[in-house]
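Fold and geometry: a report
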Amino acid sequence: MQIRARLLSGQWFSHLPGSFQDSLLALARERRLTAGQRLFQRGDAPCGLYAVLDGAVRIGAVSEQGKEALLSLVEAPHWFGEICLFDGQPRTHDAYAVGPCTLLNIPQATMLKLLDEQPQYWRHLALLMSHKLRLAFINLEQLSLLPAPARLAHRLLMIAEGYGELDAPRRVLQLPQEQLAAMLSLSRQTTNQILKDLQGQGIIGLAYGEIEILDAVRLRALATI
């Protein structure tokens, strides 16, 4: 019951038919990761669908030169890994636990068997994937058109709102500055300067590994510049 309640705080799972919710929970197995432990890496075979119950998973890639591209931090109660269900192709990016992390996993073969038996559930997985595709297009547009402060403000708001998954926005984000910089393709120095400016204006508060949104209205105004 506690697991279901945790997942029901997310938009996607809460809007699923009760029968699909029940099937996912019945088939899922719990998995725990230690800080920094790898869940999968680029090129790995599909391993099914995941939900974060506690902690966070970083999704990204590292170049041969050691430069990291951090695409997202997946936090509770988000689901991920659905792309491979559609095409059966290898994983496109690396996934590591940021800290101690608890996940639910429905293995690939188990999930596909359920979908063969209940093909109407494919639509719900397509909606999960299309939501993320929309966010990816928005991020690409902002990368090309918006100045760095506006991009940073918008990303903070998106994280606070769980990328559209949470009913109530969070005020305090567990987000180290180096991870935010990697998400925005900005230098650590540029990110720190923007955050310091926002702190000086009373829009955010900064603590070790944390960013607190003090004035969401002004932050949103900056994000639309």
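Look above for the structure.
To start, this report covers the structure provided alongside it. The model shown is predicted, which means the values in this text are computed figures rather than measured ones. (Residues numbered from 1 in each chain as written. Predicted model: local features only at pLDDT ≥ 70, side-chain atom pairs only at ≥ 80, totals over all residues. Heavy atoms only, no water.)

**Comments concerning the overall build of the protein chain**
Secondary structure summary: the protein chain contains ten helices and eleven strands in total. Taking 2.2 N^0.38 as the reference for a compact globule, 225 residues should give roughly 17 Å; the C-alpha atoms of the protein chain span a radius of gyration of 18 Å, in line with that estimate. Dimensions along the principal axes, computed over C-alpha positions, put the protein chain at roughly 55 × 40 × 35 Å. With 225 residues in all, the protein chain has 44% of them scored as buried. Long-range contacts, defined here as pairs at least 24 residues apart, represent 69% of the contacts in the protein chain between residues at least 6 apart. Placing the 22 positive and 21 negative side-chain charges of the protein chain at their respective mean positions leaves the two points 1 Å apart. (Helix = DSSP H or I, 4+ residues; strand = E, 2+ residues; numbered from the N terminus. Rg over C-alpha atoms; globule rule 2.2 N^0.38 Å. Buried < 20%, exposed > 50% of the residue type's maximum accessible area, 1.4 Å probe, protein only. Contact = heavy atoms within 4.5 Å. Lys, Arg positive; Asp, Glu negative; His and termini not counted. Charge placed at Lys NZ, Arg CZ, Asp CG, Glu CD.)

**Concerning the packing of helix H6 (residues 122-145) against helix H7 (residues 148-160)**
Two elements in contact, H6 and H7, have axes whose closest approach is 10 Å; the angle formed by their N-to-C orientations is 160 degrees. On the basis of the axis angle, H6 is roughly antiparallel to H7. Seen along the crossing, H6 lies across H7 with a hand that is left-handed. Contact with H6, carried on its side by Leu-135, Ile-138, Asn-139, Gln-142 and Leu-143, involves Arg-151, His-154, Arg-155 and Met-158 of H7 and no other residues of that element. In the contact of H6 with H7, the residues fall into four nonpolar, three polar and two charged. (Axes fitted to C-alpha atoms, helices over the stretch in contact; angles between N-to-C directions. Parallel < 35°, antiparallel > 145°, perpendicular 65-115°, else oblique. Left-handed = near helix turned anticlockwise from the far one by under 90°. Nonpolar A, V, L, I, M, F, W, Y, C, P; charged D, E, K, R; others polar.)

**Thoughts on the packing of H7 against helix H9 (residues 188-200)**
H9 packs onto H7 with a crossing angle of 75 degrees between their chain directions and a minimal axis gap of 10 Å. With respect to each other, H7 and H9 are oriented roughly perpendicular. For the pair H7 and H9, the contacting residues are Ala-148, Pro-149, Leu-152 and Leu-156 in the first and Thr-191, Ile-194, Leu-195 and Leu-198 in the second. Among the residues forming the contact of H7 with H9, the class breakdown is seven nonpolar, one polar and no charged.

**What about the pairing of strand E10 (residues 204-207)?**
The pairing of E10 with strand E11 (residues 210-213) spans four bridges and is antiparallel. Looking at the pairing, Gly-205 lines up with Glu-212 of E11. Count of turn residues in the E10/E11 antiparallel hairpin: two residues, of which Gly-209 carries a positive phi of about 70 degrees. (Pairing = 2+ DSSP bridges.)

**Here's the deal with the environment of Tyr-208**
Looking at the secondary structure, you find Tyr-208 in the loop between E10 and E11. Residue classification places Tyr-208 among the exposed residues on the basis of a relative accessible area of 84%. It is 7.4 Å that separates the C-alpha atoms of Tyr-208 and Pro-176, two residues lying 32 residues apart in sequence.

**A word on the layout of surface pockets**
By volume, the largest pocket is sized at about 1200 Å³. Lining the largest pocket are 40 residues; nearest its centre among them are Ile-59, Leu-71, Ser-72, His-93 and Ala-136. Among the secondary structure elements, those contributing two or more residues to the lining of the largest pocket are strand E5 (68-75), strand E6 (79-80), helix H4 (83-87), H6, H7 and helix H8 (177-184). For the lining of the largest pocket, the per-class residue count stands at 23 nonpolar, nine polar and eight charged. Space inside the second largest pocket adds up to approximately 270 Å³. Residue lining of the second largest pocket: 17 residues in total, with Gly-55, Ala-56, Glu-75, Arg-170 and Gln-174 positioned closest to the centre. Grouping the amino acids of the lining of the second largest pocket by side-chain chemistry returns eight nonpolar, five polar and four charged. (1 Å grid on protein atoms, 1.4 Å probe; cavity = no way out; pocket = protein on both sides within 12 Å on 5 of 7 lines; lining within 4 Å. Points joined across faces, edges and corners; volume = space filled by probe spheres on them.)

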